[in-house]
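Structure at a glance
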Amino acid sequence: MAYKDLREFIRLLEKRGLLRRITAEVDPVLEIAEINDRVVKKGGPALLFENPKGSKIPCAVNLFGSYERMKLALEVESLDGVGIRILEFLEPEIPTNLIEKLKALPKLKRLADFLPKYVNSGPCKEVVIKDKPFLDIFPILKTWPEDGGKFITLPMVFTKDPETGIRNCGMYRMHVYDERTTGMHWHMHKDGARHYRKAEKLGKRLEVAVAIGSDPAVMYSSTAPLPEGVDEMLFAGFLKSSSVELVKCETVDLEVPANSEIVLEGYCEPFERRTEGPFGDHTGYYSLRDEFSVFHITCITHRRDAIYPATIVGKPPMEDCYIAKATERIFLPLVQKQLPEIVDINLPIEGVFHNIAIVSIDKRYPGHARRVMYALWGMGQMSFTKMIVVVDKEVDIQNSSEVIWKIGNNVDPKRDVVIVEGPLDVLEHASNIPAYGGKMGIDATKKWKSEGFMRDWPNEIVMSEEIKQLVDKRWKEYGF
Ligand SMILES: Cc1cc2nc3c(=O)[nH]c(=O)nc-3n(C[C@H](O)[C@H](O)[C@H](O)COP(=O)(O)O)c2cc1C
Ligand SMILES: [Mn+2]
């Protein structure tokens, strides 16, 4: 059964001993972040700060910060299974006869069941503030000493394409400038920024609604790398096998999840920019100050006893790593659909997801590893990857020790390193200019004669089965 809302998920975590309540008064400025850091790094529980200093609203952090909680959030036994379910849906077998047609029907009906539903009201409307929609009622965190201020870190930002009206929901952090103005940190590559650029072209303001805290499927979906134009709310409905209920905003022509804890309504004016950051980011570095759009708040609605959820990013591993690892697993089958030679992908946590990708392939022809690199550099948000390492299918790429051993042994740097240029993640700080620079591919597969390798490739050392069995049998005799 899908979670009704965020608090139902919180209750479940508590019942399972995966959430700790903290009643002591704790400062949202840095203190919560330091407590969270110690807890995450030890694989500890989610935390509910019941008495954040200066606010009557409790603050929940680290809700998704383990594989176990991530699986509970999406109500699955295995994250890989989610990807396989998506594939089954995308590929409804074309019914060829009546019986097949009948078999396909429930599948199609189920898809309709996942479409968002529009409802007249919901818990997020319990309190509506139009006269003084001030952010200072919430326990918004400052997470690192050099941060430019407080940041809303789990916002689900809703916009509509000004031309087509197609909805988007993306998670983009928000720098709080004053009680009714924030930054809007949508990177240039993201759908929200695209909507804003279109609005600018039309000389119009872009209406924006920000939901904070909803059921976990909705929260996860706002981070998922879906193709442009695919409705995150339909995806969330699919994930939880029931429709997301959306309710109209008070002051803007947008809809938000009715079960949201908090909703901020407002707009971004065309061509208005303000300095955003610095912000201690998930790369483990501060992202530098930069110019971003400005969000003006016209109305705040919230549940009477709202809970304010936040995440704290920083040096990995942090909570976002588990969200990103879920994405790695969930989207692998879709990547494999396009590139069936891919056996597995590992985006190592230390590679902060856009820096390093390790890929194992079933190599079938000369240059195959290069083809996979180029394909990934052209695929959705994978295209921001700075370094790609390709190994043969038998390598366990989830074991970085094995991967390093392969790179060291199998690579002739002059021959096997591919250097190209292309778009990079906006958080990339080593490139000369923002969001564009060098990329490296390392082909660590076994080299073939057809690739110009004319020597003999040595065999890997493995003991024969016969001797292994003999030693197994005689093990005790040796006196161990
Ligand atoms: C905790 C968290 C914070 C994020 N912050 C940002 C951000 O500030 N800016 C941004 O462009 N993407 C951010 N992302 C990544 C986007 O949410 C992600 O790329 C998403 O797919 C964007 O959706 P879109 O393609 O609909 O724009 C964040 C992700 C997570 C999990
Ligand atoms: Mn999108």
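Before any of the text, the structure's been laid out above.
The residue numbering used here restarts from 1 in each chain and proceeds along that chain's sequence as written. Chains carry letters from A onward and ligands carry numbers from 1 onward, assigned in written order. Restriction of local features to residues with pLDDT of at least 70 applies here, the model being predicted, together with a cutoff of 80 or more for giving and counting side-chain atom pairs; totals for whole chains, interfaces and linings are based on all residues. The side-chain values count all of the structure's non-hydrogen atoms but skip hydrogen atoms and water molecules.

1. Considering the overall build of the chain
- Under the DSSP-based scheme used, a helix requires at least four consecutive residues in state H or I and a strand at least two consecutive residues in state E, with every element numbered from the N terminus. The helix and strand inventory of the chain stands at 13 helices and 24 strands.
- For this measure, only C-alpha atoms enter the radius of gyration; the expected value for a globule follows 2.2 Å times N^0.38, where N is the number of residues. A compact globule built from 480 residues should have a C-alpha radius of gyration of about 23 Å, and the chain, at 25 Å, falls within 12% of that.
- Counting only C-alpha atoms and orienting by the principal axes, one finds that the chain spans roughly 80 × 60 × 50 Å.
- Categorising residues by exposure relies on relative accessible area from a 1.4 Å probe, with only protein chains included: less than 20% of the type maximum marks a residue as buried, more than 50% marks it as exposed, and the intermediate range marks it as partly exposed. By residue count, 54% of the 480 residues in the chain fall in the buried class.
- Contacts: residue pairs with any heavy atoms within 4.5 Å of one another. Counted over contacts in the chain with a minimum sequence separation of 6, partners at least 24 positions apart contribute 71%.

2. Let's talk about the site of ligand 1
- Taken together, 18 residues form the shell around ligand 1, and within it Met171, Tyr172, His185, Asp191 and Gln381 come nearest.
- In protein, a polar contact requires one atom able to donate a hydrogen and another able to accept it; more generally it is a pair of N or O atoms within 3.5 Å, and residues adjacent in sequence count only if both atoms are side-chain atoms. Side-chain polar atom of asparagine 168 to an oxygen atom of ligand 1: 3.0 Å apart, as the coordinates give it.
- The separation between an oxygen atom of ligand 1 and a polar side-chain atom of glutamine 381 is 2.9 Å.
- Broken down by element, the shell around ligand 1 gets its largest block of residues, 3 residues, from strand E8 (residues 167-171).
- Considered class by class, the residues forming the shell around ligand 1 number 5 nonpolar, 9 polar and 4 charged. We call a residue near a molecule or strand as soon as one heavy atom of that residue lies within 4 Å of the molecule or strand. By the convention adopted, Pro, Cys, Tyr, Trp, Phe, Met, Ile, Leu, Val and Ala count as nonpolar, Lys, Arg, Asp and Glu as charged, and the other residues, Gly among them, as polar.

3. Let's talk about the environment of isoleucine 35
- With respect to the helices and strands, the residue isoleucine 35 is situated in helix H2 (residues 31-41).
- Isoleucine 35 sits 194 residues away from glycine 229 along the chain, and the two C-alpha atoms are 39 Å apart.
- When near neighbours in sequence (up to four residues on either side) are disregarded, isoleucine 35 contacts Val26, Leu47 and Phe49.

4. Some remarks on the coordination of the manganese ion (ligand 2)
- Here the manganese ion (ligand 2) is held by the protein donor atoms Asn168 (OD1), Asp191 (OD) and Glu232 (OE), which lie 2.1 to 2.2 Å from it.
- The sequence motif formed by the donor residues of the manganese ion (ligand 2) is N-x22-D-x40-E. One end of the pair, aspartate 191, is in helix H6 (residues 191-201); the other, glutamate 232, is in helix H8 (residues 232-240), and 41 residues separate them in sequence.
- Note on aspartate 191: relative accessible area 13%, which makes it buried. Donor atoms: N, O and S within 2.8 Å of the metal, or within 3.2 Å for Na, K and Ca. Because water is excluded, sites can look incomplete.

5. Thoughts on the nonpolar core
- The set of buried Ala, Val, Leu, Ile, Met, Phe, Trp, Tyr and Cys residues whose side-chain atoms join them within 4.5 Å is what this entry labels a nonpolar core. Counting 54 residues, the largest nonpolar core has Phe9, Leu63 and Tyr220 as its most contacted members.
- Apart from the residues lying within four places of it in its own chain, the contact partners of leucine 63 are Leu6, Phe9, Ile10, Leu13, Leu19, Ala46, Arg69, Pro309 and Glu319.

6. Some words on unusual backbone geometry
- Residue glycine 277 is joined to proline 278 through a cis peptide bond whose omega torsion reads -5 degrees.
- Even without a glycine there, the phi angle at leucine 30 is positive, about 70 degrees.
- Positionally, leucine 30 belongs in the loop between strand E1 (19-22) and H2.
- Residue classification places leucine 30 among the partly exposed positions, given a relative accessible area of 30%.
- The backbone of alanine 435 sits at a positive phi, close to 65 degrees, despite the residue not being glycine.
- The topology assignment puts alanine 435 in the loop between strand E23 (417-423) and strand E24 (436-443).

7. Here's the deal with the packing of aromatic side chains
- Centres within 6.5 Å make a pair out of two Phe, Tyr or Trp rings, where for Trp the six-membered ring is used; the pair is then stacked when the planes are under 30 degrees apart, edge-to-face when over 60, and tilted otherwise. Going through the model one piece at a time under the given rule, you end up with 16 aromatic pairs.
- Aromatic pair phenylalanine 9 and phenylalanine 64: ring centres 5.8 Å apart, planes at 15 degrees, arrangement stacked. One end of the pair, phenylalanine 9, is in helix H1 (residues 6-15); the other, phenylalanine 64, is in the loop between strand E3 (59-61) and helix H3 (67-74), with 55 residues separating them in the sequence.
- Seen from their ring centres, tyrosine 374 and tryptophan 377 are 6.3 Å apart, and the 40 degrees between their planes marks the pair as tilted.

8. Looking at the sheet that holds strand E22 (residues 387-392)
- Between any two strands, pairing holds if DSSP finds at least two bridges. The 5 strands are arranged E20-E21-E22-E24-E23 in an open sheet whose pairing can be described as mixed. Edge strands, defined here as strands with exactly one partner in the open sheet, are strand E20 (342-346) and E23. Mean inter-strand twist for the sheet, computed between neighbouring axes without regard to direction, equals 20 degrees.
- Of the strand pairs in this sheet, E23 and E24 are connected by 7 bridges, and their pairing is antiparallel. Here an axis means a line fitted to C-alpha atoms, over the contact stretch when the element is a helix, while the angle between two N-to-C directions is reported on a 0 to 180 degree scale.

9. Things to note about the sheet that holds strand E12 (residues 245-248)
- As summarised here, the arrangement of the 3 strands in space is E4-E12-E13, forming an open sheet in which the pairing is mixed. With partners counted over all chains shown, the strands left at the sheet margins are strand E4 (117-119) and strand E13 (255-257), one partner each. On average, adjacent strands in this sheet sit at an angle of 45 degrees to one another, irrespective of strand direction.
- Bridge count for E4 against E12 is 3 bridges, and the pairing is parallel. Each residue of the ladder has a partner; that of valine 119, found in E12, is valine 247.

10. Section: the pairing of strand E9 (residues 174-178)
- In terms of burial, E9 is largely enclosed, as 4 of its 5 residues are buried.
- Here strand E6 (residues 151-152) runs beside E9; their pairing, made up of 2 bridges, is antiparallel. Pairing of isoleucine 152 across the sheet is with methionine 174, part of E9.
- Across 2 bridges, the pairing between E9 and strand E10 (residues 181-184) is antiparallel. Note on E10: the bridge partner recorded for aspartate 178 is threonine 181.
- Joining the antiparallel neighbours E9 and E10 is a turn of 2 residues.

11. What about the pattern of salt bridges?
- Salt bridges are counted wherever a side-chain nitrogen of Lys or Arg sits within 4 Å of a carboxyl oxygen of Asp or Glu. Inspection of the entire model under this criterion finds 41 salt bridges.
- Across the pair glutamate 34 and arginine 38 runs a salt bridge whose closest N-O atoms are separated by 2.8 Å. In this pair, glutamate 34 and arginine 38 both sit in helix H2, 4 residues apart, roughly one turn of the helix.
- On the accessibility criterion, glutamate 34 (35% relative accessible area) is partly exposed.
- Counted as one network, the salt bridges with shared partners bring together Asp161, Glu163, Asp191, Arg194, Lys198 and Glu228.

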